[in-house]
Amino acid sequence: MIKKLLDETENISYFVYLTNRGDAFPKIGDSLEEIYTNLREEVSMGYTDLWVLKRVGLLNKHDTFYFSENDRTADDELKRAQYLPEKIYITFTFVQINEATSPMYTNSGGTMTHLTYEEAEEYAVKHIDKMKQKYPEREFYVLYARLVERNTWH
């Protein structure tokens, strides 16, 4: 799943994030209907929060990509959602140790919330620059998302 989320050529709109699981990104989809179909069967419940997010951007080793259509259409979905925090843009940081390994989610400090896409992008660029200074041989990725729904998953 992570490889697809970090591929700018993949046409992914939605994904699920579990706040305290080893498999933090268990499901992706092109529509909310696809996300919710069989969700209880595919994602085990148990003392976590389940966030449904819309992929709106990506910072990889070469460039920044903004999925403007996903960002624009997320406004309509947010109007239906309840109990969302003020900071609806979320960044997820991933690291690739070397070319032989796949990118991994860094749950320690890997998730940050932001008020705007611009704030998220500014944070991501600074964060990656800082990480590259510390670990120049590694590659880092930042996935930008908009929170669509937040559920307790017990």
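As the structure is a prediction and not an experimental result, all values here were calculated from the model.

Focus on unusual backbone geometry
Alright, step 1. With phi around 60 degrees, Asn-38 is a residue other than glycine that occupies positive phi space.
Alright, step 2. The topology assignment puts Asn-38 in the loop between helix H2 (32-36) and helix H3 (39-42).
Alright, step 3. Classification of Asn-38 as partly exposed rests on a relative accessible area of 41%.
Alright, step 4. Unusually for a residue other than glycine, Tyr-47 sits at a positive phi of about 50 degrees.

Regarding helix H5 (residues 117-134)
Alright, step 1. End to end, H5 covers 26 Å across 18 residues, agreeing with the expected 26 Å (1.5 Å per residue, within 8%).
Alright, step 2. For H5, the set of buried residues is Tyr-117, Ala-120, Ala-124, His-127 and Ile-128. Down the axis of H5, the buried side of the element spans an arc of 100 degrees, and every buried residue falls inside it. In H5, the exposed residues that point more than 90 degrees away from the buried face are Glu-118, Lys-126, Lys-130 and Gln-133.

With respect to the pattern of salt bridges
Alright, step 1. A complete count under the given rule lists five salt bridges for this structure.
Alright, step 2. In this structure, Arg-146 and Asp-71 form a salt bridge, with 2.8 Å as the shortest nitrogen-oxygen distance. Highlighted residues: Arg-146 in strand S8 (residues 139-152) and Asp-71 in helix H4 (residues 68-80), separated in sequence by 75 residues.
Alright, step 3. Residue class for Arg-146 comes out buried when judged on its relative accessible area of 3%.
Alright, step 4. According to the relative accessible area criterion, Asp-71 is buried, its value standing at 6%.

Some thoughts on the side chain of Lys-54
Alright, step 1. With respect to the element layout, Lys-54 can be found in strand S3 (residues 49-59).
Alright, step 2. Within the local environment of Lys-54, its side chain forms a polar contact with the side chain of Tyr-14, the two groups lying 3.1 Å apart.

Some thoughts on the environment of Ile-28
Alright, step 1. With respect to the helices and strands, Ile-28 occurs in strand S2 (residues 27-29).
Alright, step 2. For the pair Ile-28 and Val-16, spaced 12 residues apart in the sequence, the C-alpha separation amounts to 6.4 Å.
Alright, step 3. Ignoring any residue separated from it by four or fewer positions in sequence, one finds Ile-28 in contact with Met-1, Lys-4, Leu-5, Ile-12, Tyr-14, Phe-15, Glu-34 and Ile-35.

Considerations on the nonpolar core
Alright, step 1. Among the nonpolar cores identified, the biggest contains 20 residues, and Phe-15, Tyr-17, Phe-25, Leu-53, Phe-92 and Phe-94 are the most heavily contacted of them.
Alright, step 2. Broken down by secondary-structure element, the contributors of at least two residues to this core are strand S1 (14-18), S3, strand S5 (89-96) and S8.
Alright, step 3. For this core, the element with the highest residue contribution is S8, accounting for four residues.
Alright, step 4. In contact with Tyr-17, other than residues within four places in its own chain, are Ala-24, Phe-25, Asp-49, Leu-50, Trp-51, Leu-53, Phe-92, Tyr-105 and Thr-111.

Rules and cut-offs
- Residues numbered from 1 in each chain as written.
- Predicted model: local features only at pLDDT ≥ 70, side-chain atom pairs only at ≥ 80, totals over all residues.
- Heavy atoms only, no water.
- Helix = DSSP H or I, 4+ residues; strand = E, 2+ residues; numbered from the N terminus.
- Buried < 20%, exposed > 50% of the residue type's maximum accessible area, 1.4 Å probe, protein only.
- Expected span 1.5 Å × (residues − 1).
- Arc of directions from axis to C-beta.
- Salt bridge = Lys/Arg side-chain N within 4 Å of Asp/Glu carboxyl O.
- Polar contact = N/O pair within 3.5 Å; in protein donor to acceptor, adjacent residues only side chain to side chain.
- Contact = heavy atoms within 4.5 Å.
- Core = buried A, V, L, I, M, F, W, Y, C linked by side-chain atoms within 4.5 Å.

By themselves these figures say nothing about function.
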